[in-house]
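# Tertiary structure, described
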Amino acid sequence: LTEEQLNQLKLSYGRCTVSPKFFDDFYQIFFASSPAIQERFKNTDMEAQKALLRHGLSHLIKFAVGSHAAELKVNRLAESHDRTHMDIPAWMYEKWIESLIKAISIHDKKINDRLIDQWNQTMQVGINYMIAKY
Ligand code: HEM
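Predicted, not measured: the structure shown is a model, and the values here were computed from it.

Rules used in this analysis
Residues numbered from 1 in each chain as written. Predicted model: local features only at pLDDT ≥ 70, side-chain atom pairs only at ≥ 80, totals over all residues. Heavy atoms only, no water. Helix = DSSP H or I, 4+ residues; strand = E, 2+ residues; numbered from the N terminus. Rg over C-alpha atoms; globule rule 2.2 N^0.38 Å. Buried < 20%, exposed > 50% of the residue type's maximum accessible area, 1.4 Å probe, protein only. Contact = heavy atoms within 4.5 Å. Areas by Shrake-Rupley, 256 points an atom, 1.4 Å probe, with all protein chains shown as cover. Lys, Arg positive; Asp, Glu negative; His and termini not counted. Charge placed at Lys NZ, Arg CZ, Asp CG, Glu CD. Expected span 1.5 Å × (residues − 1). Salt bridge = Lys/Arg side-chain N within 4 Å of Asp/Glu carboxyl O. Donors = N, O, S within 2.8 Å, 3.2 Å for Na, K, Ca; no water. Polar contact = N/O pair within 3.5 Å; in protein donor to acceptor, adjacent residues only side chain to side chain. Near = heavy atom within 4 Å.

### Some points on the overall build of the protein
When you go through the protein residue by residue, the secondary structure sums to seven helices and zero strands. Along the protein, helices (α) and strands (β) appear in the sequence α-α-α-α-α-α-α when read from the amino end. Taken over the C-alpha trace, the protein has a radius of gyration of 14 Å; the compact-globule value for 134 residues is 14 Å, and the two agree within 12%. Referenced to the eigenvectors of the C-alpha coordinate spread, the extents of the protein come out at roughly 40 × 30 × 25 Å. Here the protein holds 134 residues, and the buried ones make up 37% of them. Across the protein, every contact between residues at least 6 apart in sequence was considered, and the portion connecting residues at least 24 apart equals 74%. As displayed, the protein has an accessible area near 7800 Å², and 54% of this comes from carbon and sulfur atoms. Between the averaged position of the 17 positive side-chain charges in the protein and that of its 16 negative side-chain charges there is a distance of 3 Å.

As structure tokens, this is what we get:
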């Protein structure tokens, strides 16, 4: 990811996060992708979860550009989601990234194919790491 691509990605993320229903739509799409995924959140305070995801996404972006601080955060995230904790299998991460791209496509008014590629590539770095630590 070049500096310019990173800037484009951050701007895209900014356009999404100022769009009031971005996180609602993400979780709606993510839950609709599988009853097993929806089930995992049956006792979850979704207001709190949306705030946590906002931070988690920033960590994943910074992780993909090699930030050591972000590596600590993503490492903790990988642990909480691993088989001995929340036990999140790889296929759920596939749904996660697909749902994220759909939500971004709705909320970033300037979305284009190149940005979608960059989002996919960037999120995949952190997701591969989390799956490897499963
Ligand atoms: C909790 C982020 C993928 C299910 C959390 C938390 C964060 C987070 C920040 C709060 C607890 C913590 O910090 O460990 C992310 C990110 C993901 C991701 C950035 C993508 C790489 C997934 C996937 C699932 C999932 C694919 C599949 C169902 C959950 C559940 C909780 C959780 C069930 C606990 C909710 C509760 O407290 O009731 N996630 N997550 N996450 N995540 Fe994820």
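From this point, the discussion proceeds with the structure in view.
### Side note on helix α6 (residues 90-107)
One turn of the α-helix equals 3.6 residues, which is why residues spaced by three or four share an orientation. In a regular helix each residue adds 1.5 Å, so 18 residues correspond to 26 Å; α6 covers 26 Å between its end C-alpha atoms and thus fits that length. Those residues of α6 lying buried are M92, Y93, W96, I97, S99, L100, I101, A103, I104 and H107. Those residues of α6 that are buried are in contact with α1 (3-17), α2 (22-32), α3 (35-40), α4 (46-64), α5 (68-81) and α7 (113-132).

### Considerations on the pattern of salt bridges
Tallied over the full model, the rule gives five salt bridges. Here D108 and R15 are joined by a salt bridge, their closest N and O atoms 2.4 Å apart. With a gap of 93 residues between them, D108 in the loop between α6 and α7 and R15 in helix α1 connect regions that are remote in the sequence. For R15, a relative accessible area of 22% translates into the label partly exposed.

### Some words on the coordination of the iron atom of the ligand
When only protein atoms are considered, the iron atom of the ligand has one donor, H81 (NE2), at a distance of 2.1 Å. By the element assignment, H81 lies in helix α5.

### What to know about α5
Given a rise of 1.5 Å per residue, 14 residues ought to cover 20 Å, and the 20 Å separating the end C-alpha atoms of α5 matches this to within 8%. Structurally, α5 contributes buried residues whose contacts are with α4 and α7. N-cap assignment for α5: the residue whose side-chain oxygen lies 3.3 Å from the backbone N of A69 is S67.

### Some remarks on the side chain of T17
Within the fold, T17 resides in helix α1. Here the side chain of T17 touches G14 through a polar contact of 3.2 Å, landing on its backbone oxygen. In this structure, T17 is in contact with F23 and R54, ignoring residues within four places of it in sequence.

### Some points on the site of the ligand
Close contacts around the ligand come from 17 residues, with T44, S80, H81, M86 and W96 the closest. At 2.5 Å, a side-chain N or O of S80 approaches an oxygen atom of the ligand. At 2.9 Å, a side-chain N or O of H81 approaches a nitrogen atom of the ligand. Elements with a contribution of two residues or more to the shell around the ligand: α4, α5, α6 and α7.

### Description of unusual backbone geometry
The phi angle at D87 is positive, at roughly 60 degrees, despite the residue not being glycine. Relative to the assigned elements, D87 resides in the loop between α5 and α6.

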